[in-house]
Amino acid sequence: MYLNCHTYYSLRFGTFSEIELLRLAQENHVTQLVLTDINNTSGALNFVRKAPEYNVRPILGIDFRNGVDQCFVGIAKNNEGYLNLNNFLSKHLHEAKELPLIAPKFEDVYVVYPFEKVLQNEQITFTDYEYIGISIADLRKLPFSRLAKMRDKLVVQQPVTFRNKADFNAHRLLRAVDNNILLSKLEQSEEANENEKIFPVANLAVAFSEFPFILENTERLLNSCVIHFDFSSKRKPQNLKTYTATKQEDEEMIERLCQEGLPYRYPDGGEDVLKRVSKELELIKSMGFVSYFLINWDIVSFARKQGFFYVGRGSGANSIVAYLLRITDVDPMELDLYFERFMNLYRANPPDFDIDFSHHDRPTVTQYIFNRFKNVALLGTYVTFKERGVIRELGKVFGLPKSEIDMLSGGKYSPSQLDEVSRLVIKYGGLIMGMPNYLSIHAGGILISEKPLHWFAATHLPPKGFPTVQFDMVISEDVGLYKFDILGQRGLSKIREAVDIIGYNQPEKINTFDIHDVRRFKTDQSVNALIKSAQCMGCFYVESPAMRMLLKKLEVDNYLGLVAASSIIRPGVAKSGMMREYILRHRNPGRDKERAHPVMLEIMPDTYGVMVYQEDVIKVAHHFANLDLGEADVLRRGMSGKFRSREEFQKVKEKFFENCRKKAYQEKLISEVWEQIASFAGYAFAKGHSASYAVESYQTLFLRAYYPLEYMVAVLNNGGGFYRPEFYVHEARMMGATVNPPCINRSFNKNTIYGKAIYLGFGYLHELENRIAERIIKDRTANGSFSSLEDFLDRVFISIDQMSILIRIDAFRFTGVNKHKLLWKAHLFLNKNVKIDHPKLFPPKHQNFEIPQLHTTVLEMAFTQLELLGFCLCSPFELLAEPPKNNRNVEDLDRFLGHHIDIYGYLVTFKNTKTHDGKRMYFATMIDQKGKVFDSVHFPPVAAQYYFTGRGIYRFYGKVVSEFGFLSIEVIKMLKQDYIQDPRYAEMKTSVRVFQEKS
């Protein structure tokens, strides 16, 4: 009897989930109802999936509204009708058009107009599929209306939006948030009626007892509607079924492509390789995933033709077929990758290919996919109300001052001290938190389906300009739609640009290597030496302090070791305490046999009985707890958070414990293994994924080893990495570069290199307008270098404010004229009058002005660079007010091992973390006086007394310790050192004296 039901996917309007709606229906003995969210179909598929569990027959529709003004409700008779509704809604969402008051001609759809709207619109005639909706509130008006005569057209339209008074209050708050107004200013027209609730069917029958024909009409309408989507374990994939015209052609094509790929990937052949290929192809065909592979092959083939770099990763990297098709660059034979993690007969979904492209190339690849295939859309996701955000929103709605909102959102309050309004903010914040706030786009998921995607949901058009479905990846997989992950990654942009830079800076070297020849890099001693010494700054995935520390502790000097390290560094292994145990077993042969359970060691001999990869969860669940492979995979996926709340996960968890007890394992051992799985699985990588990362790491390590300056420029040009740009500039200088500030004759927007001279780009001058940089480059390209300040001013239209930025950063140093003199000149030549930006017909005549003798010091320049670039190009130690009391550096750490050291360091980065008992501590990375990196540990007592107060130089006193050969300092005390007073603003005498002392 309920044709107009809302969930919280009626964004900033509805107040509960589709599951709550079903539970509400069950409690009120409602056996069929229509989900009609406002201009949204996000909850539709899961509503259909879960409805049988509540003995509810699901029907789908859409509540079409302009804002909150209801136009009509569309109800799908069947799946074709649902498709038509989605087509209609999507068109209006894409074009951002208002919806019409009268519905268009629909096929397989019922249209219900609200009683009041029919009167307002003065509608007289109705088609066979159009009805008039009567709510309980409308019953008192109906007898006095002309519509009472239209007995065959009247149906029950009792909207459902709330469960109780609290929901209604939350709804009003959501409406105020949506309108960005105070709650007291919210107009009643922006709210739903408080009586939009569900009632027991018997009560509804009583309410409409004087109009039994309305109940009969409604029942007849509902009974004629049937919606079906297959969510069973035997569901068929809904992806594009064939890449070519037929299934047979697809199978012949994938076999041919594998044969063509064999000589390239395996020049030496091998019986094992052929067996593995045959085994995989047989399974891929039997499970109907041939087209999935061919579509991925099509995408990467296009990318290669365009010269785009890409990395194929995810569980698909476990596949030799993917390797032969060049979707991935990971050799599964070399790494003995676990085939069942990639695909098994128990899995309904295909393997997961994550294909990373340069962030510059990804939009082109995405556009190609939309052009190449018919039914394509981006995968959606929901941005939910988070705890702090919702408190802030509600605080504004209630009119609280900013100080109180900050206090509430920060959680720094005692409940007993809160006033009534603040308590309401906290109360309703808890109710709204977790609700969807707005629709967004999945990080990289693209759907390519056999049926039109509007068969499953409507699409909207986010700012990126590609249609995006209104549901997320979880329900997408449930219904058989498997995403293609097309991701953007800056690491690949760095590799691509580094190769381009080598091409212009060392053109004679560009043909001496193939950046895709990773096999060569794996055996290169110089590359492996960088890994062993952890000299990896700027290199993909291996540059962070934690990774650098791990590489040294594991003494990694080969590809397989790096693959393991790439996964061990993940939070799961570290959190479970097994990262340390892995290092101990690696460094102490025989420890694995002493400490590991025999079953665990037998399952994972290569990793000393320690779970390192996602596959290990499947292995342990299968061999240790006797779960079948399908159940083991449910466990792995559940641990990853995708299905953590689902009942199937809970059942598998119970079976895990039951089976272990049947095998007579001790409860302590069962709990230990389970805790390892639980803390580990959500953050682990598939082994193939780690291997893919290691491949990219090797490419960047090769570039750093042989073309360090070109690579560092590419790193800087693509947003840096783990560290601030300042430290990549420092690293380039340590590797022999001369780093120059921006220059109007040598610089571009990005950084550039000439030989060993790096010129910073105009992009680092945050206050310089983009259009000014573009004008400079455009004129210089067309008319040659600038010869003087006057020549520049004649050719480039620029204001004095923008001109002063360039002069102050010393961009005119080629003139040999002091920058203070240049500033005087610029002020004399330019005034604040508006100038017309057009070419001059005749070269202007310039006067020679008499300007007093002026000087610039190195220290003034350093402080100007700090202001304009964010960092200085000299050593920060040159800026200290007092020189260091000692010259100790990284080279002295060995000598002080086990003893205390007094050392100075410039702060690179620090990690703020907590111990198991919640106390704060730090791990920090510094640069010593010679430019070398060292690390420190600040335990809670020290962290509580001495803390970092921003970038700068600190003096540390602490004990030098070694853990597995990695040296660091356990800090006892530290003190931040003062810089000199900025000489630009200091008295002239002070400035001269400091400069003379430094000289």
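You'll find the structure just up there.
The paragraphs below set out a description of the structure included in this document. Since this is a predicted model, take the numbers as computed values, not measurements.

**Regarding the overall build of the chain**
Across its full length, the chain holds 41 helices and 22 strands. Scaling as 2.2 N^0.38, a compact globule of 999 residues should have a C-alpha radius of gyration of about 30 Å, and the chain matches this with 34 Å. Principal-axis analysis of the C-alpha atoms gives the chain an extent of 100 × 80 × 65 Å. The buried share of the chain, taken over its 999 residues, is 56%. Across the chain, the fraction of contacts at a sequence separation of at least 24, relative to all contacts at a separation of at least 6, is 70%. Summing over all exposed atoms, the chain offers an accessible surface of approximately 44,900 Å²; the carbon and sulfur share of this is 51%. Positive and negative side-chain charges in the chain, numbering 126 and 119 respectively, have mean positions lying 3 Å apart.

**Quick notes on the environment of Met600**
Relative to the helices and strands, Met600 is located in helix H27 (residues 598–603). Relative accessible area serves as the criterion here: at 4%, Met600 is assigned to the buried category. Among all residues touching Met600, those that are not within four sequence positions of it are Gly609, Val620, Phe624, Val673 and Gln676.

**Re the sheet that holds strand E7 (residues 154–156)**
Overall, mixed pairing links the seven strands, which are arranged E1-E2-E3-E4-E5-E6-E7 in an open sheet. Of all the strands in the sheet, the pair left with one neighbour each is strand E1 (2–5) and E7. Shown here is a sheet whose adjacent strand axes are inclined to one another by a mean of 35°, direction ignored. Bridge count between strand E2 (residues 32–38) and strand E3 (residues 57–66): seven bridges; the pairing is parallel. The partner of Ile38 across the bridge, within E3, is Asp63. Along the sheet, helix H3 (residues 79–95) makes contact with E3, strand E4 (69–76) and strand E5 (109–114), crossing E3 at roughly 20°.

**Considerations on the pattern of salt bridges**
Counted under the stated rule, the structure contains 52 salt bridges. For Arg795, the salt bridge identified is with Asp791, shortest N-O distance 2.9 Å. Placement of both Arg795 and Asp791 in helix H36 (residues 789–795) is noted, with a separation of four residues, approximately one turn of the helix. Within this structure, Arg12, Arg175, Asp178 and Glu190 form a network of salt bridges that share partners.

**Here we look at the environment of Asn626**
With respect to the element layout, Asn626 can be found in the loop between helix H28 (614–624) and helix H29 (629–639). Engagement of the side chain of Asn626 in a polar contact is seen with the side chain of Lys663, the distance being 3.4 Å.

**Structural notes on helix H23 (residues 559–568)**
For H23, a buried count of eight out of 10 residues is recorded, marking the element as mostly surrounded by other parts of the structure. Turning to H23, its buried residues number three or more, namely Tyr559, Leu562, Val563, Ala564, Ala565, Ser566, Ser567 and Ile568. Near the N-terminus of H23, the side chain that reaches the backbone nitrogen of Leu560, with its oxygen 3.2 Å away, is that of Asn558.

**Some details on the sheet that holds strand E18 (residues 900–914)**
Here five strands make up a closed barrel; going around it, the order is E18-E19-E20-E22-E21 and the pairing mixed. Neighbour-to-neighbour, the strand axes of this sheet turn through a mean angle of 50°, independent of strand direction. As paired strands, strand E21 (residues 953–963) and strand E22 (residues 966–976) are joined by 10 bridges and run antiparallel to one another. Note that in E22 the partner of Val960 across the bridge is Ile969.

**A short note on the pairing of E5**
Among the six residues of E5, six are classified as buried, and the element is accordingly described as predominantly covered. Burial along E5 is two-sided: the residues Val109, Val111 and Tyr113 and Tyr110, Val112 and Pro114 are all buried. Pairing between E4 and E5: four bridges, direction antiparallel. Note that in E5 the partner of Val73 across the bridge is Val112. Pairing between E5 and strand E6 (residues 130–134): four bridges, direction parallel. From the neighbouring strand, Val112 faces E6, where its bridge partner is Tyr131. In the classification by handedness, the crossover that spans E5, the intervening helix H4 (residues 115–121) and the parallel E6 is right-handed.

**A short note on the side chain of Gln699**
For Gln699, the position within the fold is in helix H32 (residues 687–706). Sequence-distant contacts of Gln699, defined by excluding residues within four places in its chain, comprise Ile495, Ile515, His516, Val518 and Phe521.

**Remarks on the nonpolar core**
General note: in soluble globular proteins, nonpolar side chains tend to be found buried as a group. Formed by 109 residues in total, the largest nonpolar core has its most connected members in Ile75, Phe229 and Phe471. Residue contacts for Phe229: discarding those within four places in its chain leaves Leu45, Val48, Leu60, Asn79, Tyr82, Trp455, Phe456 and Val479. Val311, Leu530, Leu554 and Leu701 belong to the second-largest nonpolar core, a separate cluster that totals 108 residues.

**Let's talk about the packing of aromatic side chains**
The tally for this structure, following the rule as stated, stands at 50 aromatic pairs. For the ring pair Phe513 and Tyr707, a centre distance of 5.3 Å and an interplane angle of 35° mean the geometry is tilted. Taken together, the residues Phe513 in the loop between helix H19 (490–505) and helix H20 (518–522) and Tyr707 in the loop between H32 and helix H33 (708–717) connect sequence positions 194 residues apart. Of the residues examined, Phe513 reaches a relative accessible area of 10% and is grouped as buried. Its relative accessible area of 6% is what places Tyr707 among the buried residues. Its guanidinium or amino end placed over the ring of Tyr559, Lys522 lies 3.8 Å from that ring's centre, counting from NZ or CZ.

**Notes on the state of the cysteines**
The tally for this structure, following the rule as stated, stands at zero disulfides. Free of any disulfide, Cys225 has its nearest cysteine sulfur in Cys5, 13 Å distant.

**Notes on the environment of Val311**
Along the chain, Val311 falls in strand E8 (residues 310–313). Taking relative accessible area as the criterion, Val311 reaches 6% and is therefore assigned buried. When the C-alpha atoms of Val311 and Arg326 are compared, they prove to be 9.7 Å apart, with 15 residues separating the residues in sequence.

**Describing the packing of helix H15 (residues 387–397) against helix H16 (residues 402–409)**
Between H15 and H16, the shortest axis-to-axis distance is 9 Å and the interhelical angle comes to 155°. One element, H15, and the other, H16, form an angle in the roughly antiparallel class. H15 and H16 meet at a crossing whose hand is right-handed. Residues Arg388, Ile391, Arg392, Gly395 and Lys396 of H15 form the contact with H16, whose own contacting residues are Ile405, Asp406, Leu408 and Ser409. Its residues placed into classes, the contact of H15 with H16 shows three nonpolar, two polar and four charged.

Quick notes on the rules
Residues numbered from 1 in each chain as written. Predicted model: local features only at pLDDT ≥ 70, side-chain atom pairs only at ≥ 80, totals over all residues. Heavy atoms only, no water. Helix = DSSP H or I, 4+ residues; strand = E, 2+ residues; numbered from the N terminus. Rg over C-alpha atoms; globule rule 2.2 N^0.38 Å. Buried < 20%, exposed > 50% of the residue type's maximum accessible area, 1.4 Å probe, protein only. Contact = heavy atoms within 4.5 Å. Areas by Shrake-Rupley, 256 points an atom, 1.4 Å probe, with all protein chains shown as cover. Lys, Arg positive; Asp, Glu negative; His and termini not counted. Charge placed at Lys NZ, Arg CZ, Asp CG, Glu CD. Pairing = 2+ DSSP bridges. Axes fitted to C-alpha atoms, helices over the stretch in contact; angles between N-to-C directions. Salt bridge = Lys/Arg side-chain N within 4 Å of Asp/Glu carboxyl O. Polar contact = N/O pair within 3.5 Å; in protein donor to acceptor, adjacent residues only side chain to side chain. Right-handed = clockwise from strand over helix to strand, strands pointing away. Core = buried A, V, L, I, M, F, W, Y, C linked by side-chain atoms within 4.5 Å. Phe/Tyr/Trp six-rings, centres within 6.5 Å; stacked < 30°, edge-to-face > 60°. Lys NZ or Arg CZ within 6 Å of the ring centre and 35° of its normal. Disulfide = S-S within 2.5 Å. Parallel < 35°, antiparallel > 145°, perpendicular 65-115°, else oblique. Left-handed = near helix turned anticlockwise from the far one by under 90°. Nonpolar A, V, L, I, M, F, W, Y, C, P; charged D, E, K, R; others polar.

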